[in-house]
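Each chain is listed here by its residues.
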Number of protein chains: 2
Amino acid sequence: MSKAAVHKENLVRTAMRLFRRQGYASTGLQQILDESGAPKGSLYHYFPAGKEALGEAAVELAGALVRQKLVELAERHETPSAFARGYCGVMAGWMAESGFRSGCPVATTVLENAPQSPGITRAGRVALDSWIEVATEVFARDGLPRRKARMNAELLVGAVEGALLLARVRQSKQPILDVAKSF
Amino acid sequence: MSKAAVHKENLVRTAMRLFRRQGYASTGLQQILDESGAPKGSLYHYFPAGKEALGEAAVELAGALVRQKLVELAERHETPSAFARGYCGVMAGWMAESGFRSGCPVATTVLENAPQSPGITRAGRVALDSWIEVATEVFARDGLPRRKARMNAELLVGAVEGALLLARVRQSKQPILDVAKSF
DNA sequence: TCCCGAATAGAGTGATCGGTCTAATTCGAT
DNA sequence: ATCGAATTAGACCGATCACTCTATTCGGGA
């Protein structure tokens, strides 16, 4: 990989981390540049559309990372309830690790920009749908009809997103862990 | 009510509406002043702590409004599932009315500021807890033990919050309405 | 080695940010 | 009518915002 691509990747990773912790609008490009170590000239070279394109890439990356984790969990755990425990455990762990500062890598950026920014809206939809798709498979292979499996998957993913909000204000991972008990 | 108090109330209401639609950080004080019709001198008279205090007041107001609506629904609907249908119906209605632009009046502001801002974090916790409290009563009077009632209430509120995110990216109220089918 | 496009440096753009300050005005109680 | 406090007007602050632009440097294929 060329040195250039390293800078591009660092930009996206740093943006994702900062957007997650402090929101999209209140994260300045300068801070992203400083913390990523990427030169300023590169930002608009790789992302001519500017901050919005960076936000889109950050949401895409976050979506892919979470999806990858869910795929692993789906392989490791047979039953939906074990899968849900794994999912909630991972999210609760991330939340606690960050000192309850970093929530869902997708939610904040999406809530601040959907639907005004078509790119970020699309990236958020793709990300969430990809998570739901993985969860749907887990419910479906347990014997649930497709429709019901999908409903459960959406409820699970949605409930986890809501629990992340609750965990944030309560400074506790209990709300996230509790979600798993209903699946 | 004095003319002054009218300006203060307008400031909070306008802030709530704008924070909900476009986020906390990307809403400028100037825009809030313009749209509320309140004079700039008043803002720092009523909110010496500035934007953060305004955000706290906006979250408090939003929390109280939703809580009031939930109390009405709890009185009107006997069973938890009817209550859940009412809850989801109201939220889906608000979402659709706004053209899928305005989400939860609490979530966005909280995600952008918790836990950095103690005031907003506290206001968000109080708001969410008050909603959960109302829902818990509904489950409890249906015969569920207190602990189980509270778990269901947290799951319901959390799932609705997550569904609001899903609805936003999909431009559809279906995810919100679907939540009710599981309660 | 040469060369050309990709990548980088970094100053500079105007606009807007949240917040401060002082003086003028308005209001309610007496 | 008067007085003191509450409120308002609005200029002003430095900082930071996203973004642009040009000149320079760098790297890899011929």
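Quick note: structure is the one above.
Report on the accompanying structure. These numbers were taken from a predicted model, which means no experiment stands behind them.

### A closer look at the interface of chain A and chain B
- Across the contact, 41 residues belong to chain A and 41 residues belong to chain B.
- Both faces combined, the contact of chain A with chain B buries some 3,500 Å², and carbon together with sulfur accounts for 67% of it.
- In this structure, the connection of chain A to chain B is made through 4 salt bridges.
- Notably, a salt bridge pairs Arg170 of chain B with Glu154 of chain A, separated by 2.9 Å at the nearest N-O pair.
- Here chain A and chain B share 12 residue pairs in polar contact (both at pLDDT 80 or more) between them.
- Residue contributions to the side of chain A that touches chain B peak at 13 residues, all from helix H8 (residues 146–170) of chain A.

### Re the packing of helix H4 (residues 51–76) of chain A against helix H5 (residues 80–97) of chain A
All names here are of chain A.
- Contact pair H4 / H5: the axes reach a minimum separation of 9 Å and the direction vectors enclose 140 degrees. What the angle tells us is that H4 and H5 run oblique. Remark: the crossing between H4 and H5 carries right-handed chirality. Here Val66, Lys69, Leu70, Leu73 and Ala74 of H4 lie close against H5, whose contacting residues are Phe83, Gly86, Tyr87, Val90 and Trp94.
- When its residues are assigned to classes, the contact of H4 with H5 shows 8 nonpolar, 1 polar and 1 charged.

### With respect to the packing of H4 of chain A against helix H7 (residues 118–141) of chain A
All names here are of chain A.
- Direction vectors running N to C along H4 and H7 enclose 5 degrees, while the axes themselves pass 8 Å from each other. Relative to H7, the element H4 lies roughly parallel.
- Looking at the contact of H4 with H7 residue by residue, the classes come out as 13 nonpolar, 5 polar and 7 charged.

### Digging into the pattern of salt bridges
- Counted by the stated rule, this structure contains 22 salt bridges over all chains.
- Its salt-bridge partner being Glu60 of chain B, residue Arg122 of chain B comes within 2.8 Å of it at the nearest N-O pair. Here Arg122 of chain B is found in helix H7 (residues 118–141), whereas its partner Glu60 of chain B is found in helix H4 (residues 51–76), with 62 residues between them in sequence.
- The exposure class assigned to Glu60 of chain B is partly exposed, which follows from its relative accessible area of 38%.
- Beyond isolated ion pairs, a larger network of salt bridges with shared partners links Asp129, Arg150 and Glu154 of chain A together with Arg170 of chain B.

### Thoughts on unusual backbone geometry
All names here are of chain A.
- A cis amide bond, omega 0 degrees, links Ala114 with the succeeding residue Pro115.
- Within the element layout of this structure, Pro115 appears in the loop between helix H6 (107–113) and H7.
- Of note in the backbone geometry, Phe100 takes a positive phi value of approximately 60 degrees without being a glycine.
- Turning to its location among the elements, Phe100 is positioned in the loop between H5 and H6.
- Residue classification places Phe100 among the buried residues on the basis of a relative accessible area of 14%.

### With respect to the protein's contact with DNA strand C
- What surrounds DNA strand C is a group of 17 residues, the closest being His7, Pro39, Ser42 and His45 of chain A together with Lys40 of chain B.
- Backbone sugar and phosphate groups make up 71% of those atoms of DNA strand C lying within 4 Å of the protein.
- At a separation of 2.9 Å, a phosphate oxygen of DNA strand C approaches a polar side-chain atom of Lys51 of chain B.
- Only helix H1 (3–22) and helix H3 (40–46) of chain A together with helix H2 (29–36) and helix H3 (40–46) of chain B provide two or more residues apiece to the surface near DNA strand C.
- No other element matches the 5 residues that H3 of chain A contributes to the surface near DNA strand C.
- Partitioning the surface near DNA strand C into residue classes produces 5 nonpolar, 8 polar and 4 charged.

### Topic: the protein's contact with DNA strand D
- Around DNA strand D, the structure places 15 residues, and the nearest of them are Lys40 of chain A together with His7, Pro39, Ser42 and His45 of chain B.
- In DNA strand D, atoms within 4 Å of the protein come 71% from sugar and phosphate.
- Contacts to DNA strand D include His7 of chain B, whose side-chain N or O atom sits 2.8 Å from a phosphate oxygen.
- The separation between a phosphate oxygen of DNA strand D and a polar side-chain atom of His45 of chain B is 2.5 Å.
- The set of elements that each furnish at least two residues to the surface near DNA strand D consists of H3 of chain A together with helix H1 (3–22) and H3 of chain B.
- Here the surface near DNA strand D takes 5 residues from H3 of chain B, the largest share from any one element.
- Class assignment for the residues of the surface near DNA strand D results in 5 nonpolar, 7 polar and 3 charged.

### Topic: helix H2 (residues 29–36) of chain A
Residues and elements named next belong to chain A.
- Every buried residue belonging to H2 is among Ile32, Leu33 and Ser36, and all of these are buried. Along the axis of H2, the buried positions cluster into a sector of 100 degrees, meaning they face one direction only.
- Where H2 ends, the next residue or the one after it, Gly37, has phi of about 80 degrees, a positive value.

Analysis parameters
Residues numbered from 1 in each chain as written. Chains lettered and ligands numbered in written order. Predicted model: local features only at pLDDT ≥ 70, side-chain atom pairs only at ≥ 80, totals over all residues. Heavy atoms only, no water. Contact = heavy atoms within 4.5 Å. Buried area = accessible area lost by both parts, 1.4 Å probe. Salt bridge = Lys/Arg side-chain N within 4 Å of Asp/Glu carboxyl O. Polar contact = N/O pair within 3.5 Å; in protein donor to acceptor, adjacent residues only side chain to side chain. Helix = DSSP H or I, 4+ residues; strand = E, 2+ residues; numbered from the N terminus. Axes fitted to C-alpha atoms, helices over the stretch in contact; angles between N-to-C directions. Parallel < 35°, antiparallel > 145°, perpendicular 65-115°, else oblique. Left-handed = near helix turned anticlockwise from the far one by under 90°. Nonpolar A, V, L, I, M, F, W, Y, C, P; charged D, E, K, R; others polar. Buried < 20%, exposed > 50% of the residue type's maximum accessible area, 1.4 Å probe, protein only. Near = heavy atom within 4 Å. Arc of directions from axis to C-beta.

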